[in-house]
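# Secondary and tertiary structure notes
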2 protein chains.
Amino acid sequence: MTDDAPSLAEETATRLRHDIIDGILPPGQRLAETRLAADLNVSRNTLREVFRLLTHEGLLRHEPNRGVFVATPSMATIVDIYRLRRLIEVPALAQAWPRHEAVARMRQAVEQAARQQAEGDWRGVGSANMEFHAAIVALADSPRLDTFFGQIIAELRLAFGLLHSPERLHAPYVTRNADILARLDAGDAAGAARILSDYLDQSEREIMQAFARIA
Amino acid sequence: MTDDAPSLAEETATRLRHDIIDGILPPGQRLAETRLAADLNVSRNTLREVFRLLTHEGLLRHEPNRGVFVATPSMATIVDIYRLRRLIEVPALAQAWPRHEAVARMRQAVEQAARQQAEGDWRGVGSANMEFHAAIVALADSPRLDTFFGQIIAELRLAFGLLHSPERLHAPYVTRNADILARLDAGDAAGAARILSDYLDQSEREIMQAFARIA
DNA sequence: CGTCACAATATTGTTCAACAATTTACAAGT
DNA sequence: ACTTGTAAATTGTTGAACAATATTGTGACG
């Protein structure tokens, strides 16, 4: 069906989004329009539309007359993101209905993380962990919030990409996510929210430490 | 300084944003690229960049191959927006520090609303009310959240634009905002948050009723 | 060797014309 | 009134061009 077919600009945005999150286009890199348009086989005008999309998502930083750069997460980025996660994820989970359909997404993410950990696929574990947290936000039933949080997660993944030990960052949280889910299943949403809050504090501390080491 | 000068695309976006929020471009209206580009005296490519910006903000709705329309707020929009306001504004206020610099913004908005109410300028009262609520969100100290909420507010103003009695919607809240501020000043953030929560419930009810009357 | 000034080069922001693909509008036939 | 086909309009994209801006390179000077 043609009305489901993404436009070239949207396909290109998707492609660049992946290249950025996967570190192929590293933070700070300047994206020259002419060169990149040729590499991507699109026209400069199309690429400029794409830049608008990704800049708004926080993955690119636009400097007037000087070009567009892959965003470089700073400590302030991390502080803001974790502040937002506490402000949004924790109440969303505390007020959650245990039979909400997003709980199935949480469960799937927990299972996926366990599988990928067993295979040593830390990137995949990271993805599953982020999916778990997006599902927590989805408990709040707000499409606008889901979209907003998707962008926050993308920025956070960019920050993770700067660090060198994905195992250190993700491994402890696989079982913790399972604990959160078990609490929620047992009808103890407040208890689940407390575990989540602890997780956020600890995760933030570890990222901040890892950032301090590379700064 | 040239690096502070907004690009033509950004100026155009600002202009269209105002035209949408002010109802000059009413909800549902289709924006034909060729015509609008000529009207605005920009090229179609520039206008397409602008459309990307405003679509992402929720003010425009893009239908592939059919064009771009001014967004039409629905009941679902209102439900989502108020859900978000409760999720964000109420905790932001409950956890606020009474000496936070955003409190001065709240105060200024209360004074502005009173001035404009005395002049019968209900549009201005509405603007001041929304500024009051943006200042509440700013208490959370998150630039990402401020930006996100700015977009939510723009959508809400679009919804208000569909209704016919701005006085009914805004008048009761001028003094209530002053009450919220007084509570916060007195160090009773929790009490302020309770008043805010009541306001949100009532405001949502009134908008939903007004929507039901025009649907 | 470092700094400054200027010219050359590269790049961004924008415009315009063109074309293919898609949608819409209109006319004719049943 | 509905269907079909055609014409017209519009969107999505491309590429070339140009003005404005930024960057780079070179030469002169202290």
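Residues numbered from 1 in each chain as written. Chains lettered and ligands numbered in written order. Predicted model: local features only at pLDDT ≥ 70, side-chain atom pairs only at ≥ 80, totals over all residues. Heavy atoms only, no water.

### Things to note about the environment of glutamate 111 of chain B
The residue glutamate 111 of chain B is located in helix H5 (residues 102–118) in this model. The spacing of glutamate 111 of chain B and alanine 128 of chain B is 17 residues in sequence and 8.7 Å in space, taken between C-alpha atoms. (Helix = DSSP H or I, 4+ residues; strand = E, 2+ residues; numbered from the N terminus.)

### Side note on the protein's contact with DNA strand D
Of all residues adjacent to DNA strand D, which total 23 residues, the nearest are Leu8, Asn45, Thr46 and Arg66 of chain A together with Arg44 of chain B. For DNA strand D, the fraction of atoms within 4 Å of the protein that belong to sugar or phosphate moieties is 68%. Contact distances for DNA strand D include 2.7 Å between a base oxygen and a side-chain N or O atom of asparagine 45 of chain A. Arginine 66 of chain A is positioned with one of its side-chain polar atoms (N or O) 2.7 Å from a phosphate oxygen of DNA strand D. When contributions to the surface near DNA strand D are tallied by element, the ones reaching two or more residues are helix H1 (8–21) and helix H3 (44–56) of chain A together with strand S1 (30–31) and helix H3 (44–56) of chain B. Along the lines of polarity and charge, the residues of the surface near DNA strand D split into 6 nonpolar, 11 polar and 6 charged. (Near = heavy atom within 4 Å. Polar contact = N/O pair within 3.5 Å; in protein donor to acceptor, adjacent residues only side chain to side chain. Nonpolar A, V, L, I, M, F, W, Y, C, P; charged D, E, K, R; others polar.)

### Some thoughts on the protein's contact with DNA strand C
Contacts to DNA strand C come from 23 residues, most closely from Arg44 of chain A together with Leu8, Asn45, Thr46 and Arg66 of chain B. Backbone atoms, meaning sugar and phosphate, form 69% of the atoms of DNA strand C found within 4 Å of the protein. Arginine 30 of chain A places a polar side-chain atom, nitrogen or oxygen, 2.9 Å from a sugar or linking oxygen of DNA strand C. Measuring from a phosphate oxygen of DNA strand C, one finds a backbone N or O atom of serine 43 of chain B at 2.8 Å. Broken down by class, the residue content of the surface near DNA strand C amounts to 6 nonpolar, 10 polar and 7 charged.

### Things to note about the pairing of strand S2 (residues 60–63) of chain A
Sheet faces and side chains relate simply in a regular strand, where the side chains alternate between the two faces. Here S2 of chain A pairs with strand S3 (residues 67–70) of chain A via 4 bridges, running antiparallel. In the sheet register, arginine 61 of chain A faces S3 of chain A, and the bridge partner there is phenylalanine 69 of chain A. (Pairing = 2+ DSSP bridges.)

### Overview of H5 of chain B
All names here are of chain B. Relative to the 24 Å expected for 17 residues at 1.5 Å per residue, H5 spans 25 Å between its end C-alpha atoms, a close match to the ideal helical length. Looking at H5, one finds that the buried residues are Ala102, Val103, Met106, Ala109, Val110, Ala113 and Gln116. For H5, the buried positions fall inside an angular range of 150° around the axis, keeping them on one side. Taken from the residues just after H5, glycine 120 is the one with a positive phi, measuring 75°. (Expected span 1.5 Å × (residues − 1). Buried < 20%, exposed > 50% of the residue type's maximum accessible area, 1.4 Å probe, protein only. Arc of directions from axis to C-beta.)

### With respect to the sheet that holds strand S3 (residues 67–70) of chain B
Residues and elements named next belong to chain B. Pairing within the open sheet is antiparallel, and its 3 strands lie in the order S1-S3-S2. If you trace the sheet from one side to the other, it starts and ends with S1 and strand S2 (60–63), each paired once. Lying over the sheet, H3 contacts S1, S2 and S3, oriented at roughly 115° with respect to S2. (Contact = heavy atoms within 4.5 Å. Axes fitted to C-alpha atoms, helices over the stretch in contact; angles between N-to-C directions.)

### Describing the packing of aromatic side chains
In this structure the tally under the stated criterion is 3 aromatic pairs over all chains. With a centroid separation of 4.0 Å and an interplanar angle of 10°, the aromatic rings of phenylalanine 148 of chain A and phenylalanine 148 of chain B are classed as stacked. With phenylalanine 148 of chain A in helix H7 (residues 143–161) and phenylalanine 148 of chain B in helix H7 (residues 143–161), this pair bridges two chains. Considering the side-chain rings of tyrosine 173 of chain B and tyrosine 199 of chain B, the 4.8 Å spacing of their centres and the 75° angle between planes classify their relative orientation as edge-to-face. In this pair, tyrosine 173 of chain B is assigned in helix H8 (residues 166–185) and tyrosine 199 of chain B in helix H9 (residues 189–214), connecting sequence segments 26 residues apart. Pair check on accessibility: tyrosine 173 of chain B and tyrosine 199 of chain B agree, each one buried. (Phe/Tyr/Trp six-rings, centres within 6.5 Å; stacked < 30°, edge-to-face > 60°.)

### A closer look at the packing of helix H6 (residues 122–138) of chain B against H7 of chain B
Residues and elements named next belong to chain B. Contact pair H6 / H7: the axes reach a minimum separation of 10 Å and the direction vectors enclose 155°. On the basis of their axis angle, the class for H6 and H7 is roughly antiparallel. Once H6 is placed against H7, the crossing between them reads as right-handed. Within the contact between the two elements, H6 uses Arg123, Ser127, Met130, His133, Ala134, Val137 and Ala138 and H7 uses Leu145, Asp146, Phe149, Ile153, Leu156, Arg157 and Phe160. (Parallel < 35°, antiparallel > 145°, perpendicular 65-115°, else oblique. Left-handed = near helix turned anticlockwise from the far one by under 90°.)

### Some points on the domain arrangement of chain A
All names here are of chain A. The domain architecture assigned to chain A consists of domain 1 (2–70) and domain 2 (75–214). If you look at the interface, domain 1 gives 9 residues, while domain 2 gives 7 residues. Interface of domain 1 and domain 2: buried area, both sides summed, is about 720 Å²; carbon and sulfur atoms make up 66% of it. For the domain 1 face of the interface with domain 2, the top three residues by lost area are Ile21, Pro27 and Glu57, together amounting to 58%. Inspection of the region where domain 1 meets domain 2 yields 1 salt bridge. Between aspartate 22 and arginine 123 there is a salt bridge, and its shortest N-O distance comes to 3.8 Å. Counting across the domain 1 and domain 2 interface gives 0 residue pairs in polar contact (both at pLDDT 80 or more). (Domains from an automatic or database assignment. Buried area = accessible area lost by both parts, 1.4 Å probe. Salt bridge = Lys/Arg side-chain N within 4 Å of Asp/Glu carboxyl O.)

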